[in-house]
Amino acid sequence: MITFLSGGTGTPKLLRGFMKVTDRHEIAVIVNTAEDIWISGNHISPDIDTVMYLFSGVLNTDTWWGLRDDTFTTHDEALRLGIDEFITIGDRDRAVHIARGKMLQNGMRLTNVTKVLCERFGVRETVLPMTDTEVTTQIRTDLGLIHFQEYWIKAKGALDIREVVRASAEPPKTTEEVLAEIAASDTVVIGPSNPITSILPILECDGIVKALKEKRVIAVSPFIGDSPVSGPAAALMLAKGYEPSSKGTLDCYGGIVDVFVQDIRDPVEVKGSVRLDTLMTDEDKSIALARDILRVATGP
Ligand code: GDP
Ligand code: FO1
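Because the structure is a prediction, the values reported are computed rather than measured. (Residues numbered from 1 in each chain as written. Chains lettered and ligands numbered in written order. Predicted model: local features only at pLDDT ≥ 70, side-chain atom pairs only at ≥ 80, totals over all residues. Heavy atoms only, no water.)

> Would you mind going over the sheet that holds strand 2 (residues 27-31) with me for this structure?
Each strand in a sheet pairs with its neighbour through backbone hydrogen bonds, running either in the same direction (parallel) or in the opposite one (antiparallel). One open sheet holds the seven strands; their spatial order is 5-2-1-9-10-13-14, and the pairing between them is parallel. Strand pairing shows two members of the sheet lacking a second neighbour, strand 5 (126-129) and strand 14 (274-276), which therefore form its edges. Strand-to-strand, the axes of this sheet are offset by a mean angle of 25°, without reference to chain direction. Docked against the sheet, helix 2 (residues 46-56) engages strand 1 (2-6), strand 2 and strand 5, running at close to 160° with respect to strand 2. (Pairing = 2+ DSSP bridges. Helix = DSSP H or I, 4+ residues; strand = E, 2+ residues; numbered from the N terminus. Axes fitted to C-alpha atoms, helices over the stretch in contact; angles between N-to-C directions. Contact = heavy atoms within 4.5 Å.)

> Is there a simple way to think about the environment of S193 in this case?
By the secondary structure assignment, S193 is in the loop between strand 9 (187-190) and helix 8 (195-203). A C-alpha to C-alpha distance of 9.7 Å links S193 and K13, two positions 180 residues apart in sequence. Apart from residues lying up to four places away in sequence, S193 is in contact with S6, G7, G10, T11, S198, I199, P222 and Y253. Among the polar contacts listed, one links the side chain of S193 to the backbone nitrogen of G7, at a separation of 3.1 Å. (Polar contact = N/O pair within 3.5 Å; in protein donor to acceptor, adjacent residues only side chain to side chain.)

> When you look at the site of ligand 1 in this model, what are you seeing that I'm missing?
Residues in contact with ligand 1 amount to 21 residues; listed here are only the nearest, T9, S193, N194, S198 and T278. For ligand 1, an oxygen atom lies 3.0 Å from a polar atom in the backbone of G10. The separation between an oxygen atom of ligand 1 and a polar main-chain atom of P192 is 2.9 Å. When ligand 1 sits alone it has 590 Å² of accessible area, and the protein chains cover 92% of it. Counting residues per element, the shell around ligand 1 draws most heavily on helix 1 (residues 10-21), at three residues. (Near = heavy atom within 4 Å. Areas by Shrake-Rupley, 256 points an atom, 1.4 Å probe, with all protein chains shown as cover.)

> Is there a simple way to think about the sheet that holds strand 8 (residues 163-167) in this case?
Here three strands make up an open sheet; going across it, the order is 7-6-8 and the pairing antiparallel. Edge strands, defined here as strands with exactly one partner in the open sheet, are strand 7 (144-147) and strand 8. Each strand of the sheet is rotated relative to its neighbour by a mean of 35°, with strand direction disregarded. Pairing of strand 6 (residues 136-141) with strand 8, which is carried by five bridges, proceeds in the antiparallel orientation.

> What's the story with the site of ligand 2 in this structure? I'm lost.
E35, I44, P46, W65, I87, T88, D93, F148, Q149, W152 and I153 make up every residue found near ligand 2. A distance of 2.6 Å separates an oxygen atom of ligand 2 from a polar side-chain atom of E35. T88 is positioned with one of its side-chain polar atoms (N or O) 3.0 Å from an oxygen atom of ligand 2. Here ligand 2 has 510 Å² of accessible area as a free molecule, and 82% of this is covered by the chains. Among the elements that make up the shell around ligand 2, the one with the highest residue count is helix 6 (residues 148-154) (four residues). Partitioned by chemical class, the residues of the shell around ligand 2 number seven nonpolar, two polar and two charged. (Nonpolar A, V, L, I, M, F, W, Y, C, P; charged D, E, K, R; others polar.)

> Help me understand the environment of T11, please; the structure alone is not making it clear to me.
By the element assignment, T11 lies in helix 1. A residue is classified by how much of its surface remains accessible, and T11, at 0% relative accessible area, is buried. (Buried < 20%, exposed > 50% of the residue type's maximum accessible area, 1.4 Å probe, protein only.)

Here it is in structure tokens:
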């Protein structure tokens, strides 16, 4: 069994390789849910949906969110009627958000809701939310405290970040299902996801770090030099007091990492790191990196 900690872009790119080189039933993914948001009465869990659509073969891999060839009729009509739906939601994607919202409102745990949806999408891998507690990453800006999705999509990331806040009614605790998958795994891979908005929320769930300390943990850096391959990770790292770099990424993971993978292009060497080509510009590159990481996982 191999378990991954994932957000919605970098790690899914790596999973696209792993699903081709590993028995798919042997893959478990613990997914960040701190970017979840209720929109137009329905529940979007962007990172879970990306991982679920990827495994189901329906993901739009141009954007790494939403379904391939989806239509946007409802979204366009909602905008015409004056609804401020700042996230572009596809019609089939919306049906998933409606189904998830209904099941949650009926009192189901997000873990079970995700299981039902994955079964309906024919997913063979295990996909688990990091917690069943609602957690939200918020960004304090000059406009006040806003949801991360408002910062990134509505404001296009063009606001100064005063603080990154993780909001939840009670401290998030991980689930029995997550702990069982980690316990059954030989290796845990922290994929090249955003350390602040994708990986830290998972590590902050009570119980996870203790479980990971018992395992061989391989982490892949999402940074090359002082820039992430894509997205807002640099500004978020600075706001949290970490250097925006591979070194800052490793610092952020606080001593749970046994093997740190850094891109061959990264000009600043982190002592002891394994250098691999981590730039997954197509499926073949994802497969090659998955093979390299498997070799590292089974190595000395
Ligand atoms: P999000 O939920 O959409 O923010 O997605 P993730 O947190 O899973 O991934 C975002 C991170 O993926 C960014 O910080 C990127 O630097 C990183 N990333 C994207 N593509 C690649 C890639 O091909 N290689 C590496 N090493 N990192 C990548
Ligand atoms: N990201 C965008 O940048 N623009 C969008 O319009 C957008 C729509 C969207 C719809 C469904 C979904 O599951 C994800 C979507 N995303 C969109 C991705 C976004 O939610 C990501 O979480 C962030 O881009 C980065 O973490």
